Amino acid sequence: MERPEAYRRFVTWLDDQVTVAGRGDDLFALDTSPAGRFWLGRVAPETETAQGMKRERRMDPCAVGMRVRPTSVGPWSFNVRVKAAAWNCVDSKDDHWAKTERIDVTVPVEARPNAEAERFGTDAISNALAAAGANGLMAQVRVTDDSWRGAPELVIELVNITPETARARGERHLFEVEIEVTGLETAPFILESLPDSFRYDRRMPALGINCGVEVTTADALRTTDTLVVERRRPEYTFEGTSPDRLDLTFRGLAADSVSRVAELIEAYRRWGEVHWSNQRLEERQGAEAWNPEMFEEARAAAEDHLEELSRLRRGLDALQRDVQLLRAFSLMNLAMDKASHGAYDRWRPFQLGFILSVLPSFSDAGSDWDFVETVWFATGGGKTETYLGLLVLTAFYDRLRGKVTGISAWSRFPLRMLSLQQTQRFADALAAAELVRRKEKVKGAPISLGYFVGAGATPNEIPKAPTDSNPIDVDDDDMPERYRILSVCPFCQSKQVVTKFHRGNWTLRHICVADECPMEGDPLPIYIVDQEIYRFLPTVVIGTLDKASLIAMQANMRGFVEGPSGRCTEQMHGYTYAKRSSRPNGCLVPDCQAAVEPISTNDRKQFAPSFRLQDELHLLRDSLGAVDSHYEALLDFLQLELTGTRPKIIASSATLTGYERQVDVLYQREGRVFPVPGPSAGESFWSRETDNLLRRFVAVWPRGVTLEWVSDRTTTILQQSVRRLLEDPEVVCAEVGVPSLYAPELLDLYGTNVIYGNTVRDVEAARRSLGTQVPVEPLNVVALTGQAAFDEVREALDRLQNPEPDFTERIHTVTASSMMSHGVDINRLNIMTVLGVPLTTAEFIQATARVGRSHPGLVYVIHKIGRERDATVYSHFGPFIHQGDRFVEPIPVTRSSRRVLQLTTPAAIESRRLFIHEPKSPAQRLTTVDLLRKYFAITGIGSEGEALACAVALGIDETQHMAFADIQQQLNAYFMRLEDHGFGARFPNELFDQGRKPMRSLRDVEAQIPVSDD
């Protein structure tokens, strides 16, 4: 038996264990009430739920059934097979319970048109329950003609009608309930919340009522207690792109780039001729009953394919015409080969395709610069490696065209904490590029990485002595280790990485002490302190989106839009910036008095970044997106004003929904996506689904108990099941149906559960509950949230990737928030429990993609069924999983918010002071109100002209009258205070309304209050 099949069987077995425990199938005696124990297959008495609100009735329903569409008008004849069990309290004093035999009754139904709640089988079902030992329990089949929508439609339910006086309260529930409808020919429902599409099937055989429904035979529909939906694992090389037909290895492309790229493009052309031809589309129209609109949609998609083919050809043409680009492309492939460390040796076709599609932007100066290139691919498909390759290519191309130092690309992530795994991958790729640069004798500074995150994770600066605002103590021997961000050396893969602080050049550096490391004890070219990033301007800077706010507060940010003012002559002091009283020569090393070599205006232009990369574009929404849109315009304006160029913008996203408008709002540029979707949901040239399991999604509707209870019980059963595997592998593997030799692998891959909460409150509650409600010892739990300390996150990720040999010492459960939904890639994480459907579909897709990355995953989605959103998702869970991208909500974002403009206008004013006006001032210093007042008086700059310039900087047009008027109002007030000698302001940032200074974070829009999602 092959491993994928063994893993699939184990996942199915684990799910069976949880389902059986949730229903109580294998239990016949209890010492507690079953109504407080089982969360599946139970039906409450109608008398207890009739008075409740709709939300409450969903929490503990009195009926299960289905809504179906008969193919004919009534009357209708069919059978309903009913199965159920009951529990009797045999000793109320000691709370002992016994289960009855499960009844199996077939009820004939003759339903009439226009009938409402026709009752069938009351006596037969009740008598069967009595015969099984459940005297007094009563149930019936109810059928309602609900055909008012224009087509025949029936509601078929089993209702628990046990009267209050018949039995004790805890005995009135039915358990292990199931109904099956046979002999009724039905037509499918059409999921009307989604539009017609030639790529997708919107049909649903039936709609469950408080349960799921599955098709058992051609004329049989059966209720289910959980909804199970399986996604299949994709493959990326097949047919025309299989390795035996197409060489996309890094080494092969490095040696012969042009011909191998040409072969990929030719394979794409040939594939398109088959799958996008008119003949093929017409065949599908007939076979799949497309309507005319669907056919025209397919024809338009075929044109998109041809446009993508044209882009690939232009990329090949750029390689052939530009010698420097061709060499950079070859060097990039050599670097990626090193960076993979043997884990893989080739590109997936779509990865190389995306890089090709961007190549014209390198050689055809400005031709594609106004397009935002967005890479869109299924999570786990390799987007990160794709843009890493592009960044390495950019670094080499910049070096070859004469930009030998400075930032080539600034990559931003929208979360508050950047994934350490993402950082390691960037470091590995750039270290490999540096080794290739040395070997190939490419001129320029070492290819380096900047980790631009700041306070909380890494220092903004290292002070000479601790202060209240910056308590870092350089005399604390433990201080450097607290800021180690790499667990593995990117140059040699040794774990012997240490951090040390060097007083001589005032740097906090990572050093590999392994004997075999090619760095030979020198500091790794990785910078983690903000001040060092300004001083050394790493080739690629990665960090959080919020750091963009520094453009209005730090003159040292000049290196992110242009170049520094000079270079300190003291070795390893780096670049210098605006002169200040604490650094009279502009050097950022404390107390430096060395001479500075100025950098000319023309030379500073060479420092301009070539790319800004935005990861997880879909997260730039609402107020964060609105604020960021102004800062993006501000960054573009400053670079264009100072150097005459704007950076190329690259993005990655988990969704295509509304990306064109989002890109236009955020960047005021046209959006372009790669790759375009294929002719069907499961296949394109770039990937197709296989028979292997990717993830098994299980939708759970908790009945009569809390979501937290179900989560705790699910964790308990999962952990008890894998511990049985640990203790008795032969027996468990025999139950699963796999050879026992797989036991260690299964224990490793399925021994850790992730509990994902939509809010930090949910996560914290889950963690507290695990300590008291899960009777498993030991149960080692870690939390991965934005509130977790940096070193705790680092340690947890390291333990998850490299588990302890002893199972009892490993991490068994991870409680996680949205921090984990991006950039965490650990193959050992294959089980997740989601506490309620996330508020956005994109978050659901991203979060659940953290498990099952390389092996079959199991995802429990425990619905907060009282919420309308959760109930709606449950009702069409199958399409929600299979067509998730179509459910992604359009990104709500605008750049026209006047409230946001109030917050971002100070940033425009201050950044213009720092980067436009200050370098032109007589002393190149505008740090005080007096100096600024004199400068404006000399230059004749007033509020009207500055308002117009600030509007341009923020991307606001004069024709946007109200927005422009708001900017003018702020500038008028600013200049009025500037001219008022009695106002009392000493520094320019004290001149704003009500003391409002530029935002310290792009998220500081409104004061936050806790809001419950219940």
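Let me begin by describing the structure that accompanies this report. Because the structure is predicted, anything quoted here is derived from the model rather than measured.

1. Here's the deal with the overall build of the protein
Okay, so step 1: Along the protein, the regular secondary structure elements total 30 helices and 36 strands.
Okay, so step 2: Rg of the C-alpha trace for the protein: 32 Å, near the compact-globule value of 31 Å for 1014 residues, within the 12% margin.
Okay, so step 3: Taken along its principal axes, the extent of the C-alpha atoms in the protein is 100 × 65 × 65 Å.
Okay, so step 4: Out of the 1014 residues in the protein, the part that is buried amounts to 60%.
Okay, so step 5: In the protein, 76% of the contacts between residues at least 6 apart in sequence involve partners at least 24 apart.

2. Notes on the sheet that holds strand S26 (residues 575-576)
Okay, so step 1: Read across the sheet, 3 strands follow the order S26-S25-S27 without closing on themselves; strand pairing throughout is antiparallel. Edge strands, defined here as strands with exactly one partner in the open sheet, are S26 and strand S27 (596-598).
Okay, so step 2: Pairing between strand S25 (residues 566-568) and S26: 2 bridges, direction antiparallel. Bridge assignment links Arg-567 to a residue of S26, and that residue is Tyr-575.

3. Things to note about the sheet that holds strand S10 (residues 175-182)
Okay, so step 1: Strand order across the open sheet formed by 5 strands is S6-S3-S10-S16-S15, with antiparallel pairing between neighbours. The open sheet has two edge strands with one neighbour each: strand S6 (103-111) and strand S15 (212-217). Strand-to-strand, the axes of this sheet are offset by a mean angle of 25°, without reference to chain direction.
Okay, so step 2: Two strands pair when backbone bridges link them, and strand S3 (residues 76-85) and S10 are joined in this way by 6 bridges, in the antiparallel orientation. Across the sheet, the residue bridging to Ala-85 is Phe-175, located in S10.

4. Concerning the pattern of salt bridges
Okay, so step 1: In total, this model carries 73 salt bridges according to the counting rule given.
Okay, so step 2: Two residues, Glu-283 and Arg-280, come together in a salt bridge whose shortest N-O distance is 3.6 Å. A residue pair is termed a helical-turn pair when its members lie 3 or 4 positions apart in one helix, as Glu-283 and Arg-280 do in helix H7 (residues 278-288) at 3 residues.
Okay, so step 3: What makes Glu-283 partly exposed here is its relative accessible area of 42%.
Okay, so step 4: With a relative accessible area of 35%, Arg-280 lands in the partly exposed category.

5. A closer look at the environment of Val-781
Okay, so step 1: You can see Val-781 is positioned in strand S33 (residues 781-784).
Okay, so step 2: Leaving out residues up to four positions away in the same chain, Val-781 has contacts with Arg-767, Leu-770, Thr-813 and Thr-815.

6. Overview of the nonpolar core
Okay, so step 1: In terms of nonpolar packing, the biggest core is built from 150 residues, with Phe-329, Leu-359 and Leu-393 touching the most fellow members.
Okay, so step 2: Each residue touching Phe-329, except ones within four places of it in the same chain, is listed here: Leu-253, Ser-257, Val-261, Leu-319, Leu-352, Ile-355, Leu-359 and Leu-393.
Okay, so step 3: Val-673, Val-900, Ala-907 and Tyr-974 belong to the second-largest nonpolar core, a separate cluster that totals 80 residues.

7. Considering the packing of helix H27 (residues 898-917) against helix H30 (residues 961-979)
Okay, so step 1: At their nearest, the axes of H27 and H30 sit 10 Å apart, and the two run at 50° to each other. Judged by the angle between their axes, H27 and H30 are oblique. The hand of the H27/H30 crossing is right-handed. Taking contact as the criterion, the partners of Arg-898, Leu-901, Gln-902, Thr-905, Pro-906, Ile-909 and Glu-910 in H27 are, on H30, Met-962, Ala-963, Asp-966, Ile-967, Gln-970, Leu-971 and Tyr-974.
Okay, so step 2: Tallied by class, the residues present in the contact of H27 with H30 amount to 8 nonpolar, 3 polar and 3 charged.

8. Quick notes on H27
Okay, so step 1: With 20 residues, H27 should reach 28 Å at 1.5 Å per residue; the first-to-last C-alpha distance of 26 Å fits that figure.
Okay, so step 2: Thr-904 marks where H27 bends most, by close to 30°; the proline Pro-906 follows one to four residues later.
Okay, so step 3: By the criterion of burial, H27 is predominantly enclosed, with 17 of the 20 residues buried.

9. Description of the pairing of strand S4 (residues 87-91)
The two faces of the sheet receive side chains in turn, since in a regular strand these alternate between them.
Okay, so step 1: Across 4 bridges, S4 lies against strand S5 (residues 96-99) in antiparallel orientation. Its bridge partner lying in S5, Trp-87 is registered against Lys-99.

10. A short note on the pairing of strand S24 (residues 540-544)
Okay, so step 1: Counting buried positions along S24 yields 5 of 5 residues, so the element is predominantly enclosed.
Okay, so step 2: Note that strand S19 (residues 409-413) and S24 share 5 bridges and pair parallel. Looking across to S24, one finds that Phe-413 is bridged to Thr-544.

11. Section: the side chain of Thr-241
Okay, so step 1: Inspection of the secondary structure puts Thr-241 in the loop between strand S17 (226-235) and helix H5 (250-255).
Okay, so step 2: Each residue touching Thr-241, except ones within four places of it in the same chain, is listed here: Tyr-236, Leu-246, Pro-349 and Phe-685.

12. Things to note about the packing of helix H8 (residues 292-321) against helix H9 (residues 323-339)
Okay, so step 1: The interhelical angle for the contact between H8 and H9, taken along N-to-C directions, is 105°, at an axis separation of 5 Å. Looking at the two axes, H8 sits roughly perpendicular to H9. Within the contact between the two elements, H8 uses Ala-318, Leu-319 and Arg-321 and H9 uses Val-323, Leu-325, Leu-326 and Phe-329.
Okay, so step 2: Partitioned by chemical class, the residues of the contact of H8 with H9 number 6 nonpolar, no polar and 1 charged.

13. A word on the packing of aromatic side chains
What characterises a pair of aromatic rings is the spacing of the ring centres plus the angle enclosed by the ring planes.
Okay, so step 1: The tally for this structure, following the rule as stated, stands at 35 aromatic pairs.
Okay, so step 2: Seen in terms of ring centroids, Phe-38 and Phe-175 are 6.0 Å apart; in terms of plane orientation they differ by 75°. Their pairing is edge-to-face. With a gap of 137 residues between them, Phe-38 in the loop between strand S1 (29-30) and helix H2 (46-49) and Phe-175 in strand S10 connect regions that are remote in the sequence.
Okay, so step 3: Among the residues examined, Phe-38 registers a relative accessible area of 0% and is labelled buried.

14. Side note on the side chain of Ser-687
Okay, so step 1: Topologically, Ser-687 is positioned in the loop between strand S30 (670-674) and strand S31 (688-700).
Okay, so step 2: Residue Ser-687 is classed as buried on the basis of its relative accessible area of 15%.
Okay, so step 3: Look past the residues within four positions of Ser-687 in its chain and what remains in contact with it is Glu-235, Tyr-236, Phe-238, Phe-377 and Gly-682.

How each quantity is defined
- Counting restarts for each chain, with residues numbered from 1 along the sequence as it is written.
- Residue-level local features of this predicted model are given only where pLDDT is at least 70; pairs of side-chain atoms are given and counted only at 80 or more, and the full residue set underlies all totals for whole chains, interfaces and linings.
- Water and hydrogen atoms were dropped before computing side-chain values, which therefore reflect all heavy atoms in the structure.
- Helix and strand assignments come from DSSP, with helices taken as H or I runs of at least 4 residues and strands as E runs of at least 2, each series counted from the N terminus.
- Radius of gyration here uses only the C-alpha atoms, and the compact-globule reference equals 2.2 Å multiplied by the residue count raised to the power 0.38.
- Relative accessible area decides the class of each residue, using a 1.4 Å probe on protein chains only: under 20% of the type maximum gives buried, over 50% gives exposed, and in between gives partly exposed.
- The contact criterion used throughout is that any non-hydrogen atoms of two residues lie within 4.5 Å.
- Strands pair, by our definition, only if DSSP identifies at least two bridges between them.
- Here the axes come from fitting lines to C-alpha atoms, over the contacting stretch only for helices, and the angles between their N-to-C directions go from 0 to 180 degrees.
- Salt bridges are identified by distance alone: a Lys or Arg side-chain nitrogen within 4 Å of an Asp or Glu carboxyl oxygen.
- Buried Ala, Val, Leu, Ile, Met, Phe, Trp, Tyr and Cys residues form a nonpolar core when they are joined through side-chain atoms within 4.5 Å.
- By definition in this entry, angles of less than 35 degrees are roughly parallel, angles greater than 145 are roughly antiparallel, angles of 65 to 115 are roughly perpendicular, and the rest are oblique.
- Take the far helix as the reference: if the near one is turned anticlockwise from it by less than a right angle, the crossing is left-handed, and if turned clockwise, right-handed.
- Put simply, Ala, Val, Leu, Ile, Met, Phe, Trp, Tyr, Cys and Pro go in the nonpolar bin, Asp, Glu, Lys and Arg in the charged bin, and everything else, Gly too, in the polar bin.
- Each helix should span, by expectation, one fewer than its residue count multiplied by 1.5 Å.
- To obtain the bend at a residue, axes are fitted to the seven residues ending there and to the seven starting there, and the angle between these axes is taken.
- Working definition: rings of Phe, Tyr and Trp (its six-membered ring) pair if their centres are within 6.5 Å, and the pair is stacked with planes under 30 degrees apart, edge-to-face with planes over 60 apart, and tilted otherwise.

Shape descriptors only; they carry no functional weight alone.
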